[in-house]
Amino acid sequence: MSNRIRFPRRSMILAAALLAGTTGALVSSATASTASAPPCGLSTLKGTYLFAGDGWSISGTGTVPLAFAGSEQFDGAGHLKGVSSTNFNGTPSSHNTFTGTYSVASDCSGTFNIGGTLHFDMYLDPNGDSFVYVQTDAGSVSATTEHRATRASVR
């Protein structure tokens, strides 16, 4: 004797129809929200963002740890400025100011540089509340997430 549960054919057809309707609604909803999301641009990043991260600096066959934290202000027009503290292989450096530039494509990807010497690829949340980045300079390994703390513009 089998212990299988048997469902009437009518119940199975009804369940399949309900599932198909729910799946269709979910797909339509996801498509609608994707289609209505505005494209990203320079103004997507505007305000003060907080960050903290760590990584490695590589030279030849040696590696040394690094850590950093700070805040950046994006002006919504391609310029940034900030302050950070770092620790490079056990040597701390506090409250260092910096400036840089950034670009943002309509697909919410972009780049930024600090002082013309540090380079990063970034990927933004379409509403600009956060973004992630990875350093693209040879000899450095770091990635971080930044979160918007305020929407105030840079002066």
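Residues numbered from 1 in each chain as written. Predicted model: local features only at pLDDT ≥ 70, side-chain atom pairs only at ≥ 80, totals over all residues. Heavy atoms only, no water.

When you look at the environment of T117 in this model, what are you seeing that I'm missing?
Following the sequence through the fold, T117 ends up in the loop between β5 (109-114) and β6 (118-124). For T117, a relative accessible area of 56% gives the class exposed. Put simply, T117 and D137 are 20 residues apart on the chain and 8.5 Å apart in space, counted from C-alpha to C-alpha. (Helix = DSSP H or I, 4+ residues; strand = E, 2+ residues; numbered from the N terminus. Buried < 20%, exposed > 50% of the residue type's maximum accessible area, 1.4 Å probe, protein only.)

When you look at the pattern of salt bridges in this model, what are you seeing that I'm missing?
Between side chains of opposite charge, a pair can form as their charged atoms come close. Under the defined criterion, the tally for this structure stands at 2 salt bridges. Measuring nitrogen to oxygen at the nearest pair gives 2.9 Å for the salt bridge that ties R148 to D129. Of this pair, R148 sits in strand β8 (residues 140-150) while D129 sits in the loop between β6 and β7 (130-135); the two residues are 19 residues apart in sequence, bridging distant segments of the chain. In this structure D129 comes out as partly exposed when scored by relative accessible area, which is 28%. Of the charged contacts in the structure, one is a salt bridge between R151 and D129, with a shortest N-O distance of 3.0 Å. Of this pair, R151 sits in the segment after β8 while D129 sits in the loop between β6 and β7, and the two are 22 residues apart along the sequence. (Salt bridge = Lys/Arg side-chain N within 4 Å of Asp/Glu carboxyl O.)

Mind showing me how you'd approach the nonpolar core here?
For soluble globular proteins, nonpolar side chains are generally found buried alongside one another. With 19 residues, the main nonpolar core has L45, Y102, F112, M122, F131 and Y133 as its most contacted residues. Among the elements of the structure, β1 (46-59), β2 (62-75), β4 (91-104), β5, β6 and β7 are those that each provide at least two residues to this core. Beyond its immediate sequence surroundings of up to four residues, M122 is in contact with L45, Y102, S103, V104, C108, S109, G110, T111, F112, F131, V132 and Y133. (Core = buried A, V, L, I, M, F, W, Y, C linked by side-chain atoms within 4.5 Å. Contact = heavy atoms within 4.5 Å.)

In this structure, what is going on with the sheet that holds β5? I would like to understand it.
Sheets are built from strands paired through backbone hydrogen bonds, the pairs being either parallel or antiparallel. Pairing is antiparallel around the closed barrel formed by 8 strands, whose spatial order is β1-β2-β3-β4-β5-β6-β7-β8. Averaged over all pairs of adjacent strands, the angle between strand axes in this sheet comes to 25°, irrespective of strand direction. One ladder, built from 5 bridges, connects β6 with β7; its direction is antiparallel. By the bridge assignment for β7, M122 is matched with Y133. (Pairing = 2+ DSSP bridges. Axes fitted to C-alpha atoms, helices over the stretch in contact; angles between N-to-C directions.)

Can you walk me through the layout of surface pockets in this structure?
The probe, sized like a water molecule, is rolled over the atoms to show the empty space still left. Estimated volume of the largest pocket: approximately 430 Å³. Lining the largest pocket we find 20 residues, and of these F68, S84, T86, L118 and F120 sit closest to its centre. For the lining of the largest pocket, the secondary structure elements donating two or more residues are β1, β2, β3 (79-88), β5, β6, β7 and β8. Classifying every residue of the lining of the largest pocket gives 11 nonpolar, 7 polar and 2 charged. (1 Å grid on protein atoms, 1.4 Å probe; cavity = no way out; pocket = protein on both sides within 12 Å on 5 of 7 lines; lining within 4 Å. Points joined across faces, edges and corners; volume = space filled by probe spheres on them. Nonpolar A, V, L, I, M, F, W, Y, C, P; charged D, E, K, R; others polar.)

None of the figures reported here should be taken as evidence of function without further support.
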